Number of protein chains: 4
Amino acid sequence: MTANKPPVLTLSAGPVQSYPNVLQAMARPIGYDFDPSFQAFYEETALECGRAMRQDEPALILQAEPAVAIEAAAASLISADDVVLNLASGVYGKGFGYWSARYHKSMVEIEVPFNDAISPAAVEAALRDHPEISVVSVVHHDTPSGTLNPIVDIGRLVADHGALLIVDAVSSFGGMDIHPADCHADIFITGPGKCLGGTPGITFVAVSQAAWEHMEDNSAAPRASALSYLDWRNSWSRSAPFPFTPSTAEVCGLAEAVDHYFREGAEEVWRRHALTARACREGLKASGATLWAAREEIASPTTTAIAVPDGLKDTDIFDVARRDYGVVFSLGRGATAGKLMRIGHMGPTAEPAYALIAVAAMAGAMRKLGFPADVGKGIEAALAVIDNQE
Amino acid sequence: MTANKPPVLTLSAGPVQSYPNVLQAMARPIGYDFDPSFQAFYEETALECGRAMRQDEPALILQAEPAVAIEAAAASLISADDVVLNLASGVYGKGFGYWSARYHKSMVEIEVPFNDAISPAAVEAALRDHPEISVVSVVHHDTPSGTLNPIVDIGRLVADHGALLIVDAVSSFGGMDIHPADCHADIFITGPGKCLGGTPGITFVAVSQAAWEHMEDNSAAPRASALSYLDWRNSWSRSAPFPFTPSTAEVCGLAEAVDHYFREGAEEVWRRHALTARACREGLKASGATLWAAREEIASPTTTAIAVPDGLKDTDIFDVARRDYGVVFSLGRGATAGKLMRIGHMGPTAEPAYALIAVAAMAGAMRKLGFPADVGKGIEAALAVIDNQE
Amino acid sequence: MTANKPPVLTLSAGPVQSYPNVLQAMARPIGYDFDPSFQAFYEETALECGRAMRQDEPALILQAEPAVAIEAAAASLISADDVVLNLASGVYGKGFGYWSARYHKSMVEIEVPFNDAISPAAVEAALRDHPEISVVSVVHHDTPSGTLNPIVDIGRLVADHGALLIVDAVSSFGGMDIHPADCHADIFITGPGKCLGGTPGITFVAVSQAAWEHMEDNSAAPRASALSYLDWRNSWSRSAPFPFTPSTAEVCGLAEAVDHYFREGAEEVWRRHALTARACREGLKASGATLWAAREEIASPTTTAIAVPDGLKDTDIFDVARRDYGVVFSLGRGATAGKLMRIGHMGPTAEPAYALIAVAAMAGAMRKLGFPADVGKGIEAALAVIDNQE
Amino acid sequence: MTANKPPVLTLSAGPVQSYPNVLQAMARPIGYDFDPSFQAFYEETALECGRAMRQDEPALILQAEPAVAIEAAAASLISADDVVLNLASGVYGKGFGYWSARYHKSMVEIEVPFNDAISPAAVEAALRDHPEISVVSVVHHDTPSGTLNPIVDIGRLVADHGALLIVDAVSSFGGMDIHPADCHADIFITGPGKCLGGTPGITFVAVSQAAWEHMEDNSAAPRASALSYLDWRNSWSRSAPFPFTPSTAEVCGLAEAVDHYFREGAEEVWRRHALTARACREGLKASGATLWAAREEIASPTTTAIAVPDGLKDTDIFDVARRDYGVVFSLGRGATAGKLMRIGHMGPTAEPAYALIAVAAMAGAMRKLGFPADVGKGIEAALAVIDNQE
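Residues numbered from 1 in each chain as written. Chains lettered and ligands numbered in written order. Predicted model: local features only at pLDDT ≥ 70, side-chain atom pairs only at ≥ 80, totals over all residues. Heavy atoms only, no water.

Notes on the side chain of A:Glu71
Selection rule: Only runs of H or I of at least four residues qualify as helices and only runs of E of at least two qualify as strands under DSSP, and these elements are numbered from the N terminus. Contacts: residue pairs with any heavy atoms within 4.5 Å of one another.
Assignment of secondary structure puts A:Glu71 in helix α3 (residues 66–77). Setting aside residues up to four positions removed in sequence, A:Glu71 forms contacts with A:Trp99, A:Arg102, A:Leu227, B:Ala224, B:Ser225 and B:Ala226.

Quick notes on the interface of chain D and chain A
Condition: Take the accessible area each of two parts loses on contact, using a 1.4 Å probe, and add the two losses: that sum is the buried area. For salt bridges, the criterion is a side-chain nitrogen of Lys or Arg within 4 Å of an Asp or Glu carboxyl oxygen. Within 3.5 Å is the distance limit for a polar contact, defined as a pair of N or O atoms, with the added protein rule that one can donate a hydrogen and the other accept it, and that residues adjacent in sequence qualify only through two side-chain atoms. Classification used: nonpolar for Ala, Val, Leu, Ile, Met, Phe, Trp, Tyr, Cys and Pro, charged for Asp, Glu, Lys and Arg, polar for all others including Gly.
If you look at the interface, chain D gives 28 residues, while chain A gives 28 residues. In total, about 2200 Å² of surface goes out of reach between chain D and chain A, with carbon and sulfur atoms giving 57% of it. Our enumeration of links across chain D and chain A arrives at 6 salt bridges. The interface formed by chain D and chain A contains 16 residue pairs in polar contact (both at pLDDT 80 or more). Of all the elements in the fold, those that place two or more residues in the side of chain D that touches chain A are α9 (266–287), α10 (314–325), α11 (352–368) and α12 (375–387) of chain D. Top contributing element to the side of chain D that touches chain A by residue count: α11(D), with 8 residues. A per-class count over the side of chain D that touches chain A returns 15 nonpolar, 2 polar and 11 charged.

Notes on the relation of the copies chain D and chain A
The following threshold applies: When the copies are superposed, the least-squares fit draws on C-alpha atoms of residues that have pLDDT of at least 70 in both.
In screw terms, the move from chain D to chain A is a rotation of 180° and a rise of 0.0 Å along the axis, fitting with an RMSD of 0.0 Å. In short, the pair behaves as if placed about a two-fold rotation axis. Proximity to the rotation axis, assessed at the C-alpha, singles out D:Gly376 in chain D; its C-alpha lies 1.9 Å from the axis. The fraction of interface residues of chain D whose copies in chain A are also interface residues reaches 100%, indicating that both copies meet through the same surface.

Describing the sheet that holds strand β11 (residues 303–307) of chain B
All names here are of chain B. For clarity, the cut-off: Any two strands with at least two DSSP bridges between them are considered paired. Between N-to-C directions, angles cover 0 to 180 degrees, with each direction set by a line fitted to C-alpha atoms, over the stretch in contact for helices.
Within the open sheet, the 3 strands sit side by side as β11-β14-β13. Their pairing is antiparallel. At either end of the open sheet lies a strand with only one pairing partner, and these are β11 and β13 (330–331). Of the pairings in the sheet, the one linking β11 to strand β14 (residues 340–344) comprises 5 bridges and is antiparallel in character. Its bridge partner lying in β14, Ile306 is registered against Met341. Against the sheet, helix α9 (residues 266–287) engages β11 and β14, with an angle of about 15° to β11.

Remarks on the packing of α9(D) against α11(D)
Residues and elements named next belong to chain D. Condition: Every angle not falling under 35 degrees, over 145, or within 65 to 115 is termed oblique; those three ranges are roughly parallel, roughly antiparallel and roughly perpendicular. Two helices that cross are described as forming a left-handed crossing if the nearer one is turned anticlockwise from the farther one by less than a right angle, and a right-handed crossing if clockwise.
α11 packs onto α9 with a crossing angle of 25° between their chain directions and a minimal axis gap of 8 Å. By the criterion of interaxial angle, the relationship of α9 to α11 is roughly parallel. Where α9 crosses over α11, the handedness of that crossing is right-handed. Residue-level contacts link Leu275, Thr276, Ala279, Cys280, Gly283, Leu284 and Ser287 of α9 to Pro352, Ala355, Ala358, Val359, Met362 and Ala363 of α11. Residues of the contact of α9 with α11, tallied by class, amount to 10 nonpolar, 3 polar and no charged.

Topic: the packing of helix α11 (residues 352–368) of chain A against α11(D)
Two elements in contact, α11(A) and α11(D), have axes whose closest approach is 10 Å; the angle formed by their N-to-C orientations is 120°. With respect to α11(D), the element α11(A) is oriented oblique. As for the relative orientation of α11(A) and α11(D), their crossing is right-handed in sense. Of the residues in α11(D), those in contact with A:Ala353, A:Leu356, A:Ile357 and A:Ala360 of α11(A) are D:Ala353, D:Leu356, D:Ile357 and D:Ala360. Grouping the amino acids of the contact of α11(A) with α11(D) by side-chain chemistry returns 8 nonpolar, no polar and no charged.

Digging into the pairing of strand β10 (residues 203–207) of chain C
Look at any regular strand and the pattern is simple: side chains alternate between the two faces of the sheet. Residues and elements named next belong to chain C. For clarity, the threshold we go by: Buried means the residue's accessible area, taken with a 1.4 Å probe over protein chains only, is under 20% of the maximum for its type, while exposed means over 50%, and partly exposed covers the values in between.
Taking burial as the measure, the 5 residues of β10 include 5 buried ones, the bulk of the element. Taking every second residue as pointing to the same face, both faces of β10 are buried, with Thr203, Val205 and Val207 on one and Phe204 and Ala206 on the other. Two elements, strand β2 (residues 60–62) and β10, share 3 bridges in a ladder whose sense is antiparallel. Note that in β10 the partner of Leu60 across the bridge is Val205. Direction of pairing for strand β9 (residues 187–190) relative to β10: antiparallel, over a ladder of 4 bridges. Opposite Thr190, over in β10, you have Phe204 as the bridge partner.

Observations concerning the packing of aromatic side chains
Put simply, the rule is: For Phe, Tyr and Trp, rings pair up if their centres lie within 6.5 Å, where Trp contributes its six-membered ring, and each pair is then called stacked (planes under 30 degrees apart), edge-to-face (over 60) or tilted (otherwise).
The full count for this structure, using the stated rule, is 52 aromatic pairs over all chains. Measuring from centroid to centroid gives 4.8 Å for C:Tyr42 and C:Phe242, while their planes differ by 75°, and the two rings are edge-to-face. With C:Tyr42 in helix α2 (residues 36–52) and C:Phe242 in the loop between α7 (209–217) and α8 (248–264), the pair connects residues that are 200 residues apart, well separated along the chain. For the pair formed by C:Tyr42 and C:Phe242, the shared burial category is buried. Both rings, one in D:Phe173 and one in D:Tyr261, keep their centres 6.0 Å apart while their planes meet at 50°; by these two values the pair is tilted. Remark: D:Tyr261 occurs in helix α8 (residues 248–264) and D:Phe173 occurs in the loop between β8 (164–168) and β9 (187–190); sequence separation between them is 88 residues. Residue classification places D:Phe173 among the buried positions, given a relative accessible area of 0%.

Let's talk about the confidence of the model for chain A
Cut-off, in case you're wondering: Confidence scores labelled pLDDT are given residue by residue by the predictor and lie between 0 and 100.
Looking at chain A, pLDDT values average 97 and 99% of them are 70 or higher. Both scores are given for the predicted complex: the pTM is 0.97, the ipTM 0.97.

What to know about the interface of chain A and chain B
Counting from both sides, the interface comprises 58 residues of chain A and, opposite them, 58 residues of chain B. On the chain A side of the contact with chain B, A:Pro15, A:Ile30 and A:Tyr32 bury the most area, a combined 18% of that side's loss. On inspection of chain A and its partner chain B, the count reaches 2 salt bridges. A salt bridge links B:Asp35 to A:Arg322; the nearest nitrogen and oxygen atoms lie 2.7 Å apart.

With respect to the pattern of salt bridges
Enumeration according to the criterion identifies 104 salt bridges over all chains in this entry. One salt bridge in this structure joins D:Glu351 and A:Lys5, with 3.0 Å as the shortest N-O distance. Residue D:Glu351 is located in the loop between β14 (340–344) and α11, and its partner A:Lys5 is located in the segment before β1 (9–10); the two belong to separate chains. What makes D:Glu351 buried here is its relative accessible area of 8%. Using a relative accessible area of 21% as the deciding quantity, one classes A:Lys5 as partly exposed. A salt bridge links D:Lys5 to A:Glu264; the nearest nitrogen and oxygen atoms lie 3.3 Å apart. Taken together, the residues span two chains, with D:Lys5 in the segment before β1 (9–10) and A:Glu264 in helix α8 (residues 248–264).

Some points on helix α4 (residues 91–101) of chain C
Among the residues of α4(C), C:Val91, C:Gly93, C:Lys94, C:Phe96, C:Gly97, C:Trp99 and C:Ser100 are the ones counted as buried. Contacts made by the buried residues of α4(C) are with α3 (66–77), β3 (83–88), β4 (106–111), β5 (135–139), β6 (141–142) and β8 (164–168) of chain C.

Some points on the relation of the copies chain A and chain B
Screw-axis analysis of chain A against chain B gives a translation of 0.0 Å along the axis, an RMSD of 0.0 Å, and a rotation angle of 180°. A shared interface surface links the copies, since 100% of the contact residues of chain A are contact residues in chain B too.

With respect to α3(A)
Residue and element names in this part refer to chain A. Here is the rule we go by: Expected helix span is taken as 1.5 Å per residue step, with the number of steps being one fewer than the number of residues.
The end-to-end C-alpha distance of α3 is 16 Å, a good match for the 16 Å that 12 residues give at a rise of 1.5 Å each. In terms of residue burial, α3 counts as a mostly covered element, since 11 of its 12 residues are buried. Looking at α3, one finds that the buried residues are Pro66, Val68, Ala69, Ile70, Glu71, Ala72, Ala73, Ala74, Ala75, Ser76 and Leu77.

A few points about the environment of C:Gly344
Here C:Gly344 lies in strand β14 (residues 340–344). Taking the C-alpha atoms as reference, C:Gly344 lies 9.4 Å from C:Ala358; in sequence the two are 14 residues apart.

Structure below.
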């Protein structure tokens, strides 16, 4: 397979494959954003996104990919009076600290190796040691590591402390059982482009009343800006104008992705994410590969990361899997680049069949490069998981 | 026609109807942004956008709607040492001054009534009176007014002065004969969502070498930010990583919109924009309506604005045209809201047939509301223009 | 507009423009026809088509355009013992007689000029004079003439006589209030490609129990053939195999077209067909054109035919309307070719806005060719109809 | 996976998965069939189909699935004077004899077991014994068996004999190196819905001059009929009218499928079909399964058929593979139903990655049902083929 031919199967950790019906929704005729039919559709979409997050309020929809929405959260929420506790167990967690630094008074940071997770005990200690902490930020699934943080426990501690909690749930929401209220999040950021099988150019957010008040009190919170949460606060309502033109196609795709999630049923979607991840992990371990996560219980149900074997290069594995099998995996990113390979199983690729192909292509590619992988054994181990699903 | 049913024909000034092939391109399978096939496609798209603007360099592609790209231009280019000349002949021109104010040392502003155009003589005088002016900003087509500024003449003056010129050509490029070099623009911002018949969620920009240098010298220029030009500078190259995830669907739509422009031929596209605008203007004048533009020669070939007749309400005209004829027009925006109605004829709607329907529906709706429009006469005048195209 | 560029607006009498959602449905992933999910979908589609025709039984779905389905009806139903009464008021009605002749014992034919309609009195007389008549065939809307036959009255006479009735309702069903039971049809043939705003490659049919029995008794009825009704009789059921591969895309489009009809509401769809037709007729008459139909009450609500003015050529009108206005009309067909021009207003084009453009483009083109049309007056007359809708 | 949820991967032998760009082409706006832009497009499509078959003449395009086109070939070509040699090595070959019987004077048939192929020697003998044979019919790839006939050798014998040759190449053309001239075919029937990755509702045919003459001399050849070749003979030309309405969507899909074939390159397409088939066969054999084909050299590169193991039921294998792995295979058909399972690898699924998943899912499902398949060994054998592609 040549480089210019698109791959046969994309098993990346994002952008991920979208459901066909979501893709089709992107092609709907463009509506004038002030037309009543578009405004009614937008309002309904915001409400549906809220319902997907199990809240009564409409979601805040932002016209940008989630990374922008996280930058905007820092800009909008964190004031010059705020002391931030930043929890860094991966590239995105660490990165939030840099955004925070533009706005906060000071920051406390807990950092763990990027194959590990933040411990609630450490959070508890930090909050005790720094009663002035007013904002806490945590990434649920730090995608470049494929690892989860225990945000339910962390959220309870933050709530008890009385600080505001920002949760990056971009690549976990929709793929497992997590919602804003479960973790006491004040700003819970996610999007359709990962586990919902949508496209990457739009974000939706749950914002608590306390967070809205904090932003309104923040005189430096951006307005008339791409970084403003306040601009878009009420734009879900058909009676409020849009601050700037929404990406109509992305709104259509978002609506369809959330509909898809409801039609299939959240529990069923989570089930197949978890099953596919388990089959990937068991298959790859049996083939001889090593999981990246320090402990299997922190491995994400939406992305499987394995360590690049000694002596191999990540980009070589990528190239061989693509060239010989037509399968594309994700590499690491930032600090994890070169150290791991990632298999995304989100949305439409969270299906056991893709675990089989992922194991065969990943182990096969590593073997071609000299690593003694046992592909057959890997497939049998993955099948054992799949065959024993109840 | 009820409010929830989409209109039959959308003749708004943006978001505008897209070409069917562009809509279909939005539905292409999502590619991993680091896949070689996507990166090659992205590079080719940046080069094509550059070629459409008649330059050899690839365009800067930004993953946001043009208003964000203009905010980002102010943030990236304007340093605390810059003195800005802001030219305000409409809502968007005026608005740029507010963005500029966040970054500049000081600002000179020339403001004319929002149905008029900036005069080159005034620009010349301002530059003479303020030799310290280092950046000039102008909107080519201020869409909420439907009027053009003489940017070729203005650009020559700015170039002679030695300042950097920011041009907002969002709703003129592709609909008439204007390119960055024609007006000596240093930052020339446009997108597919207007005259190219694409979607609104992406922007492309021509940036001169001088502008890049100015941004690099600007220590406050945003990095790792949605407002950064520098982050995306080289991301067109297949060897440079993306700073954050691009909207893959919007990139596909952009590529197809630019292809469409080349396939049809730029001159032919401009011809039908101009013809449709002329038919609209003659038709509406003959029906009894009054053009918004102070002089017809500053009326845009891509949008026709007419004054709301005394005693009528803009939203009533909108509602009647939609309910009775299924046709949607644009209202004014900001300072022009309530004062004018706009007919967009951009991309696929820049066709004479739509001028006929626009005249019938606009004049018809005004008549239903009590204005003594002569619709038949309007149609005959529009037809006279169309029938006499060579 | 050059010949190779697609027209701006297609106002043909078929294939007609499809709704965007129907077109998107055509692009759904292809399913294996024996997959349970496809079979369940097919069964549901057949039931929905039945419901649209207001019957409890699923419709017979045929994998071909309606003309083939009519040929197949003749082949399947008409045996060597049958005496057929063929009612010919247009090209399609006349044509059925030729198909019938391949199979029947003998035929009685009532033929009227192709701008007129069959009178029930003539049918009554024919049935009285020929008690041996066992099958009657009638076209409801003979599209090449744009005229309707009084099939409710005719159906009652045929039912009283005890003959089987074949109704071609291809271009009337869905655009007006007509269903198999209303006209006592035994074979009622229609498809999504006209008033339902679907595509032309598929047909659905209501078949009475008596007609099925007649076909089963017909030893010459085709089996294992594209002309067989019996092959497909039970293929709606998920437990029956398909005799040959269905056009999966056309099935998807059909399902969406019928859904669209239900979502909008049949009465509302009929209302806008009738309104658009009335506006077309009044507008064209006021412009100076002559309706083709001998009497306005037999003019179809789904197609408006006007006589080609003396001295003009139909293909010239077609060419000028296309070249100057980008609007495509239908020509006549067979015996009506050269004599009339047709405006289709079916499905998405059955909207008053299209009547305005049709009047302007048709009258405008005729005037350019020398006919003294008054376009302004035509538009005013069309607007008067539209403005006075309740 | 429940029955109503579409499968994750469809590896059927038809309808097969289509390329995304082909599916999108199906959703293009509907053109009036007599519009010059549609007629030019149709003509170009017919020429492209001809070029794909390596002939200068445009292809005959028929508006139906290939089975109908084969029935129509029998109806159009075979006259009451013709003596037919029918070659039956599978369900479709055998079936042609029944169609032939409606029209021919007499028939000679060579039938072999449906896991075997026709031997040229037997054809040679039959032609020698029956000098009166005027028409020969052969299926290249009898899909319900997954086996090939040696049509190049057979074609040479038929040409030497002076008879006309009908070749059903529906599921081989485009997946391997075969063209009308290679086998001296007079009627060579194929379609986009198999190896070209298109949809099943349309057919294209190469017809020799001799065959056209034979049809014209055949007074019983259908006209004004779905079974007529002569009706459509010249409809490729923009100056010839269509006998009935073409399926515009299917024409668009066909054009895109053929374009795809040219863009990728025929040799490359054949290469990946052959590679995928080889990986499937080696993998399944190594897992313990038995190929259906009597000799591996007659196994098709586009479909792999394996025998249903003793004691297992084909529908159980289908159900388990679908339910547990989300993978859909084809069953047998007619005389092969119950005896074999089929894996289609045509068009987009002719990729090695799908061989891996096919082996895992097929062998895995059989093992779950009690057959002692060694899935790991199967995967290793398939990988060995893929890894050793040059």
